[in-house]
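Residues per chain are reported as follows:
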Amino acid sequence: MRLSTRRRVLLELENIGCLNHIEVAFRPGLNIIKAPNASGKTSLIRGFTSMFSDRVPASHILALDKVNGTIRVQYDMGIYERNFRRTPSGSVVASGDTLPFADERSFDACVALAETGVVHKITGGGAGFRSYLESLSHGNHYSMIISSAQDLANELSRELAGHGFREFDTLPLLLTELTNLHIRRDLAKEKIRNLETGHEAGLQGLSTDMGEKTSVLSREEAHLSGLKRDLTREEEKEQQLVSFLEMTDDSAKVASQIRDGIAKSKEKQKGVKEEIGKQTELIGSLESEIEALEDQLEQEKERETQQLEGLKREIDHIDKAIILKEEEIQQAESFPPDDLKYHGRLVVEVRSEITKKIEWLEKVIEHFQEEYMRLMTTARLSFNRNVTKAFEELNLKGFENVFLDQDFALHLVREKSVQQPVETLSASEKLTISLVLMLAAKQTFLPDFPFFIIDELTLSYDPERFRKVVNYMTKRVPYVIVSSLASIEAGGLQVVYRTQNAGEVVPEIITS
Amino acid sequence: MSSWKRSFEMATQELDLTRRKKQALDDLLEKRRVSQLTYEHLGKTLTARLLELEAHQRSLADKMNDRADELEEQIGLFELALAYLEIRHVGGETGEEVYTRNKQTVVLGLDATKSELDLIRNSLTKISL
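Residues numbered from 1 in each chain as written. Chains lettered and ligands numbered in written order. Predicted model: local features only at pLDDT ≥ 70, side-chain atom pairs only at ≥ 80, totals over all residues.

**Concerning the overall build of chain B**
For step 1, the next point in the chain: Scanning chain B for helices and strands turns up 3 helices and 0 strands.
For step 2, the next point in the chain: Counting helices and strands in the order they occur from the N terminus, chain B gives α-α-α.
For step 3, the next point in the chain: Within the span of chain B, comprising 129 residues, buried residues form 13% of the whole.
For step 4, the next point in the chain: For chain B, long-range pairs separated by at least 24 residues make up 80% of all intrachain contacts whose partners lie at least 6 apart in sequence. (Helix = DSSP H or I, 4+ residues; strand = E, 2+ residues; numbered from the N terminus. Buried ≥ 20, exposed ≤ 12 C-beta atoms within 10 Å, placed from the backbone. Contact = placed C-beta atoms within 7 Å.)

Structural data, given as structure tokens:
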């Protein structure tokens, strides 16, 4: 919005700072507020800035001993009023109008105060201007979006690392454990099959052995019976021969033959008896072997039973472990029903949603980072152009180039391309640089803002240079307001005007 | 032993374990212990791994086939060398001691080659199963 430069701006303050009531008028061109110390210059400027910016807190504007205060501005056929009220708790609230060209950024680009903003930064030796340009170019909106999106993405990422998701992430491990249990169960079953098959073969072998031994035993027992029968027959034969011998004459030849026969029979009986003895021993041994085989068979059966029972118990344990593992898996796939945020929902589903959100946020971040870079680069280049232009037009000696680099660091290049750190500048040069940077910022970002205000910066200023800078401003800004210290003899606060065309200063006291 | 053997054993073991895992997962779905979504999530990884392992095993099989061809050729050469030794021995061109030593060396090489070839063939059979 362009203000009619022919019109006066009337400012009325009541109970503002140390001022009870004052009315001043600003004319197009240079307006110098002259007053001794503690006369209300800063109160006036602070009050006026509150009509287009909230940067000065309301509590710093209202007079300390007052409950209510008012600022009224008349310009361009309109009257704008802003009221300040102290609440019972002691805080101060502001309400009412602001000027139509009100813009928060104007405070940074068009109000030069010693204690804040660019002047404060430069006089303190600061050279970083990123946040300054961010704020003026609205790049801070992008950085806020980027920062908020990043915070949200980080928060979501942290959420993904939370307990429920961590449990879910153990699912592959749980599945491996379950698989191992299945493998163990299959192995145990295979062992049972092998045991049953092997044992059957073993028992079969033992049974065959036993069958063979039993058969041998039967044969040997039959042989023993045969031997015993032979013995009985031989004994009967001997008795018969003894009977014959009794009936025969002892001297007869027959008697001698019978006695031989008896002797032979006895000899034979002895042989058979020996053979019976051996046979009995053999049978005893066979019976022992068969008994041992029976025991072995029994033991084998018992061992198999024990092994099978052991394996079956193991399978039972594994089955139980499988059920528990399956339950564990079932629990890990969902949030608990009493989960405050995701009660009972599937983790995979929630994770997919959150991942999509993060992906979307990353796209937002990327997009706004690109936008931010583009905006900030454009802002920096325009700003640099205006700084260069100002230096050229002001014809300030000593500086070859003043610019912000890609990192928004201020570079001051002296003649012969010598870089000079900001902190090594003289106080007067620091003020010049500050004002030129502010003016460049105003021209870049707020070209239509009608005011440029300088509050008491002239104390340590080279008057010639200050005059140059102010004249330069006056050509470009409709209203330039400068506060300046005056001697006590000069009286109260007064505004002195110097229009662009008139070469002399014309003091005018409106009201004080 | 050749490096293929260890690679083959590892690949076979892992492939077997992955197949078992897939089976376990299928069982879980059948028993309704996991939802379809979780099944798909876990199954996707397992299927991808299975495909990867199968491809790896196929590539291994190709290399093993190449190696088997080499070994067969090598066996042919050993047998030829053995026959040559025998002929020279029978013809009295080589002394007993030299013949025995050379034959022992060739036979050792031949046996080792045949043994490796057998191992490869057995392993290839397992893959085809």
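**Examining the overall build of chain A**
For step 1, the next point in the chain: Looking only at helices and strands, one finds 11 helices and 14 strands in chain A.
For step 2, the next point in the chain: The burial tally for chain A puts 27% of its 512 residues in the buried class.
For step 3, the next point in the chain: Long-range contacts, defined here as pairs at least 24 residues apart, represent 72% of the contacts in chain A between residues at least 6 apart.

**Considering helix α1 (residues 3-30) of chain B**
Three- or four-residue spacings in an α-helix give side chains the same orientation, since the helix completes a turn every 3.6 residues.
For step 1, the next point in the chain: Given a rise of 1.5 Å per residue, 28 residues ought to cover 40 Å, and the 40 Å separating the end C-alpha atoms of α1 of chain B matches this to within 8%.
For step 2, the next point in the chain: The complete set of buried residues in α1 of chain B reads Phe8, Thr18, Lys21, Ala24, Leu25 and Leu28 of chain B. (Expected span 1.5 Å × (residues − 1).)

**Here's the deal with unusual backbone geometry**
Glycine aside, residues mostly have negative phi, and peptide bonds are mostly found in the trans state.
Residues and elements named next belong to chain A.
For step 1, the next point in the chain: With a phi close to 65°, Phe408 is a non-glycine residue in the positive phi region.
For step 2, the next point in the chain: When you line up the elements, Phe408 lands in the loop between β8 (399-404) and β9 (410-414).
For step 3, the next point in the chain: For Phe408, a count of 18 C-beta atoms within 10 Å puts it in the partly exposed group.
For step 4, the next point in the chain: One non-glycine residue with positive phi stands out, namely Lys416, at about 60°.

**A short note on the packing of helix α7 (residues 171-247) of chain A against α1 of chain B**
For step 1, the next point in the chain: In contact at an axis separation of 9 Å, α7 of chain A and α1 of chain B are set at 100° when each is read in the N-to-C sense. Relative to α1 of chain B, α7 of chain A is oriented roughly perpendicular. Listed contacts from α1 of chain B to Leu175, Thr176, Leu178, Thr179, His182 and Ile183 of chain A of α7 of chain A are Leu17, Arg20, Lys21, Ala24 and Leu25 of chain B.
For step 2, the next point in the chain: When its residues are assigned to classes, the contact of α7 of chain A with α1 of chain B shows 6 nonpolar, 3 polar and 2 charged. (Axes fitted to C-alpha atoms, helices over the stretch in contact; angles between N-to-C directions. Parallel < 35°, antiparallel > 145°, perpendicular 65-115°, else oblique. Nonpolar A, V, L, I, M, F, W, Y, C, P; charged D, E, K, R; others polar.)

**Concerning the sheet that holds strand β6 (residues 92-96) of chain A**
Residue and element names in this part refer to chain A.
For step 1, the next point in the chain: With respect to topology, 5 strands assemble into an open sheet ordered β2-β1-β4-β5-β6, the strand pairing being antiparallel. Looking at strand neighbours, the two that pair on one side only are β2 (19-26) and β6, the edges of this open sheet. With direction set aside, neighbouring strand axes in the sheet form an average angle of 10°.
For step 2, the next point in the chain: Of the pairings in the sheet, the one linking strand β4 (residues 68-75) to strand β5 (residues 78-86) comprises 8 bridges and is antiparallel in character. Paired with Ile71 across the two strands is Arg82, which belongs to β5.
For step 3, the next point in the chain: The strands touched by helix α1 (residues 41-49) within the sheet are β1 (9-16), β2 and β4, with β1 carrying the most contacts at an inclination of about 110°. (Pairing = 2+ DSSP bridges.)

**Some remarks on the interface of chain A and chain B**
For step 1, the next point in the chain: Taken together, the contact between chain A and chain B spans 15 residues of the former and 14 residues of the latter.
For step 2, the next point in the chain: Of all the elements in the fold, those that place two or more residues in the side of chain A that touches chain B are α7, α8 (253-332) and α9 (347-394) of chain A.
For step 3, the next point in the chain: For the side of chain A that touches chain B, the element with the highest residue contribution is α7 of chain A, accounting for 8 residues.
For step 4, the next point in the chain: Of the residues belonging to the side of chain A that touches chain B, the class tally is 8 nonpolar, 4 polar and 3 charged.

**Describing the nonpolar core**
For step 1, the next point in the chain: Within the largest apolar cluster, 70 residues are counted, with the highest numbers of intra-cluster contacts made by Ala112, Val436, Ile453 and Val480 of chain A.
For step 2, the next point in the chain: In terms of residue count, helix α10 (residues 427-445) of chain A provides more of this core than any other element does, 10 residues in total.
For step 3, the next point in the chain: Not counting residues within four places of it along the chain, the set of residues in contact with Val480 of chain A comprises Leu30, Asn31, Phe452, Val470, Met473 and Thr474 of chain A.
For step 4, the next point in the chain: With 17 residues, the next largest nonpolar core counts Phe168 and Leu171 of chain A together with Val34 and Leu42 of chain B among its residues. (Core = buried A, V, L, I, M, F, W, Y, C linked by C-beta atoms within 7 Å.)

**Describing the confidence of the model for chain B**
For step 1, the next point in the chain: On average, residues of chain B carry a pLDDT of 90, and 97% of them reach 70 or more.
For step 2, the next point in the chain: Across the whole predicted complex the pTM is 0.67, and at the interface the ipTM reaches 0.76. (pLDDT = per-residue confidence, 0-100.)

**Observations regarding the pairing of β2 of chain A**
Residue and element names in this part refer to chain A.
For step 1, the next point in the chain: In the sheet, β1 pairs with β2 via 7 bridges, with the strands oriented antiparallel. Paired with Glu14 across the bridge in β2 is His21.
For step 2, the next point in the chain: The turn joining β1 and β2, which pair antiparallel and follow one another in sequence, is formed by 2 residues; a positive phi near 55° is taken by Gly17.

**Side note on the sheet that holds strand β10 (residues 419-420) of chain A**
For step 1, the next point in the chain: Pairing within the open sheet is antiparallel, and its 3 strands lie in the order β8-β9-β10 (chain A). Two strands close off the open sheet at either side, each with one partner strand: β8 and β10 of chain A.

**As for the packing of α1 of chain B against helix α2 (residues 36-90) of chain B**
Residue and element names in this part refer to chain B.
For step 1, the next point in the chain: Following both chains from N to C, one finds α1 and α2 inclined at 155°, their axes separated by 9 Å at the closest point. The pairing of α1 with α2 is recorded here as roughly antiparallel in orientation. The element α1 and its partner α2 pack so that their crossing is left-handed.
For step 2, the next point in the chain: Counted by class, the contact of α1 with α2 contains 13 nonpolar, 5 polar and 8 charged residues. (Left-handed = near helix turned anticlockwise from the far one by under 90°.)

**Some words on the pairing of strand β11 (residues 451-455) of chain A**
For step 1, the next point in the chain: Burial analysis of β11 of chain A places 5 of its 5 residues in the buried class, the great majority of the element.
For step 2, the next point in the chain: In β11 of chain A, alternate side chains face the same way, and those of Phe451, Ile453 and Asp455 of chain A on one face and Phe452 and Ile454 of chain A on the other are all buried.

**Quick word on the environment of Ala68 of chain B**
Residues and elements named next belong to chain B.
For step 1, the next point in the chain: Its location among the elements puts Ala68 in helix α2.
For step 2, the next point in the chain: For Ala68, a count of 18 C-beta atoms within 10 Å corresponds to the partly exposed category.
For step 3, the next point in the chain: Along the sequence, Ala68 and Leu117 sit 49 residues apart, while their C-alpha atoms lie 5.9 Å from each other.

**Regarding the environment of Lys442 of chain A**
All names here are of chain A.
For step 1, the next point in the chain: Among the secondary structure elements, Lys442 is positioned in helix α10.
For step 2, the next point in the chain: On the neighbour-count criterion, Lys442 (24 C-beta atoms within 10 Å) is buried.
For step 3, the next point in the chain: As for Lys442 and Cys110, which are separated by 332 residues in sequence, their C-alpha atoms are 6.3 Å apart.

**Some remarks on α2 of chain B**
All names here are of chain B.
For step 1, the next point in the chain: In this model α2 runs 77 Å from its N-terminal to its C-terminal C-alpha over 55 residues, within 8% of the 81 Å that 1.5 Å per residue would give.
For step 2, the next point in the chain: A maximum bend of about 25° is found in α2 at Gly43.
For step 3, the next point in the chain: Among the residues trailing α2, Gly92 stands out with phi positive, at a value near 75°. (Bend = angle between axes of the 7 residues up to and from the residue.)

**Regarding the environment of Pro28 of chain A**
For step 1, the next point in the chain: For Pro28 of chain A, the location among the structural elements is in the loop between β2 and β3 (29-35).
For step 2, the next point in the chain: Between the C-alpha atom of Pro28 of chain A and that of Pro478 of chain A, which follows or precedes it by 450 residues, the distance is 5.4 Å.

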